[in-house]
Amino acid sequence: MSDSLFDFEAEDAKAQHKKLVQQMRKADEAYYNDDAPIIDDAQYDVLRKELEALEHKYPALQTENSPTQTVGAAPAKGFRKVNHAVPMLSLSNVFNREEVEDFIDRVRRFLGLADSEIIEVVAEPKIDGLSCSLRYERGILVQAATRGDGAQGEDITANVKTMSCIPQHLPKDVGVPEILEVRGEIYMSRSAFKALNERQEVHGAKVFANPRNAAAGSVRQLDSAVTAERDLGFFGYALGEISQSFATTQQGVREKLAAWGIPETPYALCDGVDAIMKNYDTLLETRPDLDYEIDGIVYKVNRLDWQERLGFVSRAPRWATAHKFPAEQAITRIHAIDIQVGRTGALTPVARLEPITVGGVVVSNATLHNEDEIERKDIRVGDMVVIQRAGDVIPQVVKVLEDKRKGDEQQFAPLTHCPECGAHAIREEGEAVRRCTGGLTCPKQAVERLKHFVSRLAFDIDGLGDKIIQNFWDDELIKSPADIFTLEARNKESLTPIRNREGWGDLSEKNLLESINNRRKISLNRFIYALGIRQIGEATAKRLARVYGTLDHLREAMIAAQEQGSEAYHDLIAIEDIGPAVAQDLIAFFAEEHNLQVLRDLETHLEIEEYIAPDLGDSAVAGKTIVFTGTLEKTTRAEAKAKAESLGAKVSGSVSKKTDFVVAGEAAGSKLKKAQELGVEVLSEDDWIALVS
Ligand code: IVH
């Protein structure tokens, strides 16, 4: 009879195991999907240890899907990273007929097409989900990845394989290329969303705000068994890497994909702006009847050879754009106006609102942009206002409902001092923003810079979120960027190590230090962006990295450029998108001894990789400086310039000793003459085409 005692214990263990697994799943769900942890890391660790002990004693309880076999408590380890062979891009937006016309005109001008030439456009619904790249090799689904930052996403293969709408094998002998990457959107239908939330509610689990969040939460599940229970859909709409082309138009691509079993949305082929707008009106009307949410329409130039020539600008293709549906609106009250201090000292007024649901999302703040905007719209504390939100953009105040005023509303008085540090708040000539003059003595600015430094497009350090940065700053653990990289060494010596802090444990400490160590090597463009120099966004940082190649070169050039007439200065403002104002901000950054010290400190801890321009192949123009002059006949100036840049060349507006070639079209004038004087190689348009094709 001793067996029965054992059985009793085993039964008990099974029940206990189930309970622990449920608790951990719930915590995972809250942590990973909702970004709203319900227990702290230390409590999570306790659960995990209990579960491990139980499974150690009763190995039969340990399944492949057990939380002990899947993840730790930190997301750093969650999904493997995947480099995209072809970057995953986002889209520019248009909002009305005029902007649609501009889009078509831009395409026409770039390609140098006659007004009579019809530019066919495929109009596809813009699915509100999350983008995913499916990679098929020899017709077999081998990898699925999220977009991530566009260059690197997360490996979600295991989860995607549970989705029955996505074929794991493509049909044979129908011309499927050996390598085929299909890009598309994972979404949750409205009906599946409703059913899921009903189930969640019954189980006391958190309900999702909208289908998009539900889809994202279901895909970013560390346990693919959970994904499998969620009813997810997929629509394909673009290609990534392919080993062989199989169509000449966007329409052709869609038809082939559909024939191979990839789900496709309906679409319209439009031959001009009238047809585009007609389709827009129709879709806007039928939108509520669709079982999936769409937030606009995507227009894509149909001819793939044109798509190829059009190429990309920073993160978006020139051959496509998204026509967004109007923003959703609601009415609520402003109960306060607070000031947010940004990393460059910009003081942005923010309206605190009576919380209200707009398009499925609860909104409690809206940006007011600047004091001129407040004055123009005459926004006062206590006002009833119309607010709107569109997609992921920050909600805005559209207008005040003046007839709802009671008379006790308060006007906003422009700031004289920074509310955080008390330094003077000033507005420079011609600027809309007021700024705190405290610079690095303003704690808020310093903290915002640190947050930017570790953000996704910069150092991308998992586990150093906004709250933790603030907390470490308050406790003087991290006061400057370099402190991040000395954290581990200091922690070793510390009497109050991170793991002993509230909400931390051994595992979360280990994960944090590991994710910091993973970032000791960084690309130059990310590094430049991370510095948070005013007006230097991701695209400009990339251009600077491409032109200067190394941090040393950049620094030397920026110091030399302090002299306005210098060659260094001219080279700087010859870079696309860098005018005198941006140049000034850059130069000012490198003129500040404190900033140079920050750079020196960082350099002792980091390996900053030289910028390698992507997909150069063995291009003859990579790294070369080119000047275009005269009229080009077979291509437009814009196209030639874009082509040169995509091959890693720098296009300059003036000829100097540093120019490698001048491409001279018809009626070239003074630049050609200067090239001849300096002995710079001169190419004809045909030479140029031969060189780059
Ligand atoms: S095309 C180069 N087509 O919208 C191609 N995107 O705002 C870029 N999206 O990241 C994407 N429906 O996640 C394309 N029919 C569609 C789309 C679509 C939804 C998403 C996609 C993209 C985002 C850009």
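Preceding block: the structure.
Along every chain, residues carry numbers that run from 1 in the direction the sequence is written. Local features in this predicted model are restricted to residues of pLDDT 70 or higher, and side-chain atom pairs are both shown and tallied only at a pLDDT of 80 or more, whereas totals for entire chains, interfaces and linings draw on every residue. Processing note: side-chain calculations cover all non-hydrogen atoms of the structure and skip hydrogens and water entirely.

Asker: Would you explain the pattern of salt bridges in this entry?
Answerer: When their charged atoms lie close together, side chains carrying opposite charge are able to pair. Whenever Lys or Arg places a side-chain nitrogen within 4 Å of a carboxyl oxygen from Asp or Glu, that contact is recorded as a salt bridge. Applying the stated criterion across every chain, the model contains 47 salt bridges. Across the pair Asp338 and Arg352 runs a salt bridge, and its minimum N-O distance is 2.7 Å. With Asp338 in strand S14 (residues 328-341) and Arg352 in strand S15 (residues 346-358), this pair connects stretches of sequence that are 14 residues apart. Residue Asp338 is classed as partly exposed on the basis of its relative accessible area, which comes to 31%. One connected set of salt bridges, linked through shared partners, spans Arg135, Glu137, Glu181, Arg183 and Glu241. Runs of E in the DSSP output that reach at least two residues are strands. Runs of H or I that reach at least four are helices, and both are numbered from the N terminus. Per-residue accessibility, obtained with a 1.4 Å probe over protein chains only, is compared with the maximum for each type, and a residue is labelled buried under 20%, exposed over 50%, and partly exposed between these values.

Asker: Looking at this structure, I do not really get the site of the ligand. What am I missing?
Answerer: Nearness is judged by heavy atoms alone; a residue qualifies as near a molecule or strand once a single heavy atom is within 4 Å of it. The local shell around the ligand holds 14 residues, among which Glu124, Arg147, Glu185, Tyr237 and Lys300 are the closest. Between the ligand and the protein, one listed contact pairs a nitrogen atom with a backbone N or O atom of Pro125 at 3.3 Å. Within 3.5 Å is the distance limit for a polar contact, defined as a pair of N or O atoms, with the added protein rule that one can donate a hydrogen and the other accept it, and that residues adjacent in sequence qualify only through two side-chain atoms. The contact in question runs from an oxygen atom of the ligand to an N or O atom on the side chain of Ser131, over 3.3 Å. The fraction of the free accessible surface of the ligand (530 Å²) that becomes covered by protein chains is 88%. Breaking the shell around the ligand down by element, the ones donating at least two residues are strand S3 (121-127) and strand S10 (294-301). Class assignment of the residues belonging to the shell around the ligand gives a composition of 8 nonpolar, 1 polar and 5 charged. For every accessible area listed, the method is Shrake-Rupley and the probe measures 1.4 Å; residues are considered covered only by the protein chains on display. Each residue gets one of three labels, nonpolar for Ala, Val, Leu, Ile, Met, Phe, Trp, Tyr, Cys and Pro, charged for Asp, Glu, Lys and Arg, and polar for the others, Gly among them.

Asker: Looking at this model, I keep getting lost on unusual backbone geometry. Mind explaining?
Answerer: The bulk of non-glycine residues show a negative phi, and the bulk of peptide bonds are trans. At Asp378, a position not held by glycine, the phi torsion is positive, near 50°. Tracing the chain through its elements places Asp378 in the loop between helix H12 (371-377) and strand S17 (384-389). On the basis of relative accessible area, Asp378 is assigned to the partly exposed category, the value being 22%. In this structure, Asp577 is a non-glycine residue whose phi angle is positive, near 75°. Within the secondary structure, Asp577 is located in the loop between helix H20 (567-573) and helix H21 (580-591). On the basis of relative accessibility, which here comes to 54%, the residue Asp577 falls in the exposed class.

Asker: Looking at this model, I keep getting lost on the sheet that holds S10. Mind explaining?
Answerer: What holds strands together in a sheet is hydrogen bonding between their backbones, with the strands either parallel or antiparallel. With respect to topology, 5 strands assemble into an open sheet ordered S2-S13-S10-S3-S9, the strand pairing being mixed. The open sheet has two edge strands with one neighbour each: strand S2 (93-94) and strand S9 (268-270). Any two strands with at least two DSSP bridges between them are considered paired. Sheet topology places S2 next to strand S13 (residues 320-324); 2 bridges connect them, and they run parallel. Bridging across to S13, Asn93 finds its partner in Ala322. Each of S3, S9 and S10 is contacted by helix H9 (residues 250-259), which is oriented at about 55° to S3, the strand it contacts most. Note on contacts: a residue pair qualifies if any of its non-hydrogen atoms lie within 4.5 Å across the two residues. The axes used here are C-alpha line fits, helices contributing only the stretch in contact, and every angle between their N-to-C directions lies in the interval 0 to 180 degrees.

Asker: Can you help me understand the environment of Lys206 in this one?
Answerer: The residue Lys206 is located in the loop between helix H6 (190-202) and helix H7 (211-219) in this model. When the C-alpha positions of Lys206 and Lys26 are compared, they lie 9.0 Å apart, and in sequence the two are 180 residues distant.

Asker: Sorry if this is basic, but what is going on with empty space enclosed by the protein here?
Answerer: The gaps of empty space that remain are located by a probe, the size of a water molecule, rolled over the atoms. With a 1 Å grid spanning the protein atoms alone, the term cavity applies to any set of points in which a 1.4 Å probe fits but cannot get out, the term pocket to an open set with protein on both sides within 12 Å along at least five of seven lines, and the term lining residue to any residue with an atom within 4 Å of a point. Grid points are joined across faces, edges and corners, and a volume is the space filled by probe spheres set on the points. If you walk through the whole model with that rule in mind, you get 4 cavities of 30 Å³ or more. If you add up the space inside the largest cavity, you get close to 90 Å³. If you trace the largest cavity, you find it lined by Arg543, Arg546, Val547, Ile575, Glu576, Glu645, Ala649, Lys650 and Val651. Of all elements in the fold, only helix H18 (538-548) and strand S24 (650-651) reach the threshold of two or more residues within the lining of the largest cavity. Classifying every residue of the lining of the largest cavity gives 4 nonpolar, no polar and 5 charged.

Any link to function would need more than the numbers given here.
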